[in-house]
Amino acid sequence: MEAVAKGWHFSGFYCQRYSEKPSFSFQGFSKGLWRNTLPLQVNSSELNSLTSNVLKIIGTHVLSPHISSPSFPIEFLDALDDEYGGVVINPESLPSSANAFASALRASMSNWELKGKRGIWLKILLEQAHLVPIAIQEGFNFRHAEPGYVMLTYWLPNGPCLLPASPSHQVGIGGFVMNHKREVLVVKEKCPRSCSGVWKLPTGYINKSEEIFYGAIREVKEETGIDTIFLEMVAFRHVHLVSFEQSDLLFVCMLKPLSFEITVDEKEIQSAKWMPLDEFVSQPSYKEDQMSRKIIDICIAKYDNCYNGFIAYQMNSKLDRKLSYLYYNEPQKF
């Protein structure tokens, strides 16, 4: 970094005197200055004083009054271009020093704006949490957080931000399992909710990067100890403004039991058992709940081969170049 203050040009420990009245500039932005050809040497105390004066003149917000070095280069942050005209900053390359991060972030934002970039994605790891207030001060907004990091964004162009909103849905699953005796696998949860004391289907949330049908198999296994295989997705429910104002998707999967001896997960489940179907649907909670009653009716119809749900088919897609599952009902062939 080069700067000029009070007639001195300095970079590192090398300074030159200017012939004009006191002025200042940063490299690439000097104003009407003429340089003499005779270099002058100064000691470090003078240079530190010059550095302090320059920072005061240009109004730079230094987060710490202690500058570890009398000269520091302004470097751009390491980032990759995304597919939408923006940049994604590499979190592993962020300076650990608050001062260095602030300087590099400002310089990088100016550089990206000149290049016509749009959205900036800044991922800050847990061990870099002290950098978050700096990014917020520079205008970044929180987008989402996961264990171990927080994601912030900044929209460079004037006008409304066109970056996608933060994740808005949580995905749950329910497993309908019925044996050859027409007994339904049911659980009674410990948590004090509206379903407390009610025999219900095993339910839960899928894990990160987990397939919907595998999440249903896993939840049934964890809560009851019963091994199953996936048959079909028979229905799903979509509701809004639930946990922390998130939307909720619940996928109901038909599973076939491979084992029958129940082992209860005592951390979450009060009890589990095979309940006769007639007894299960006669519970007041199901008689009074239109949606729950409809879900069970669909599951029974599927068990009796009177209904077709969605089967998971694995296939490739050129759009995202990934192997994934498509859930659909195979058309009947005439």
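In this report, the structure presented in the accompanying data block is examined. (Residues numbered from 1 in each chain as written. Predicted model: local features only at pLDDT ≥ 70, side-chain atom pairs only at ≥ 80, totals over all residues. Heavy atoms only, no water.)

### Some thoughts on a nonpolar patch on the surface
Right, on to step 1. On the surface, Ile229, Leu231 and Leu258 cluster together into a nonpolar patch covering about 240 Å² of accessible area.
Right, on to step 2. Mapping Ile229 onto the fold places it in strand β14 (residues 228–239). (Patch = residues over 30% accessible without salt bridge, like charges linked within 9 Å, V, L, I, M, F, W, Y side chains within 5 Å. Areas by Shrake-Rupley, 256 points an atom, 1.4 Å probe, with all protein chains shown as cover. Salt bridge = Lys/Arg side-chain N within 4 Å of Asp/Glu carboxyl O. Helix = DSSP H or I, 4+ residues; strand = E, 2+ residues; numbered from the N terminus.)

### Thoughts on the sheet that holds strand β10 (residues 149–155)
Right, on to step 1. The mixed open sheet is built from 5 strands, whose spatial order is β6-β7-β8-β10-β9. Either end of the sheet is taken by a strand with one partner, and the two such strands are β6 (79–81) and β9 (141–146). Averaged over all adjacent pairs, the angle separating strand axes in this sheet is 20°, with direction ignored.
Right, on to step 2. With 3 bridges connecting them, strand β7 (residues 87–89) and strand β8 (residues 119–125) associate as parallel partners. Its bridge partner lying in β8, Val88 is registered against Trp121.
Right, on to step 3. Relative to β8, helix α2 (residues 98–114) is tilted by about 160°, and along the sheet it contacts β6, β7, β8 and β10. (Pairing = 2+ DSSP bridges. Axes fitted to C-alpha atoms, helices over the stretch in contact; angles between N-to-C directions. Contact = heavy atoms within 4.5 Å.)

### Some points on helix α7 (residues 290–303)
Right, on to step 1. Taking 1.5 Å of rise per residue, the 14 residues of α7 would be expected to cover 20 Å, and the 20 Å separating its terminal C-alpha atoms lies within 8% of that figure.
Right, on to step 2. Taken together, the buried positions of α7 are Ile295, Ile296, Ile298, Cys299, Ile300 and Lys302.
Right, on to step 3. Looking at the buried positions of α7, the neighbouring elements they touch are β11 (169–177), β14, β15 (247–257), α5 (277–281) and α6 (284–287).
Right, on to step 4. The N-capping residue of α7, defined by a side-chain oxygen 3.1 Å from the backbone nitrogen of Met291, is Asp289. (Expected span 1.5 Å × (residues − 1). Buried < 20%, exposed > 50% of the residue type's maximum accessible area, 1.4 Å probe, protein only. Polar contact = N/O pair within 3.5 Å; in protein donor to acceptor, adjacent residues only side chain to side chain.)

### Side note on the pairing of β10
For a regular strand, side chains alternate in direction, first toward one face of the sheet and then toward the other.
Right, on to step 1. Counted residue by residue, β10 has 6 buried out of 7 residues, so it is predominantly covered.
Right, on to step 2. As defined by bridge partners, β8 adjoins β10 across 7 bridges and the pair is classed as antiparallel. Bridging from a neighbouring strand, Ile124 pairs with Val150 of β10.
Right, on to step 3. Bridge count for β9 against β10 is 5 bridges, and the pairing is antiparallel. Within β10, the residue paired with His144 across the bridge is Met151.
Right, on to step 4. Between β9 and β10, which pair antiparallel one after the other, the connecting turn spans 2 residues, and Gly148 there sits at a positive phi close to 105°.

### Section: the pattern of salt bridges
Right, on to step 1. Applying the stated criterion across every chain yields a total of 11 salt bridges.
Right, on to step 2. Between Asp265 and Lys267 there is a salt bridge whose closest N-O contact spans 3.2 Å.
Right, on to step 3. Since its relative accessible area comes to 13%, Asp265 is described here as buried.
Right, on to step 4. Look at the salt bridges and you will find they share partners, linking Glu210, Arg218, Glu219 and Glu222 into a network.

### Points about the environment of Lys221
Right, on to step 1. Here Lys221 is to be found in helix α4 (residues 212–224).
Right, on to step 2. Along the sequence, Lys221 and Ile262 sit 41 residues apart, while their C-alpha atoms lie 9.3 Å from each other.
Right, on to step 3. Look past the residues within four positions of Lys221 in its chain and what remains in contact with it is Ile226 and Asp227.

### Digging into the pairing of β11
Right, on to step 1. The buried fraction of β11 is high, at 7 of 9 residues.
Right, on to step 2. Pairing of β11 with β15 involves 9 bridges; the strand directions are parallel. Within β15, the position partnered with Val171 by the bridge is Leu249.

Distances and angles like these do not, on their own, reveal function.
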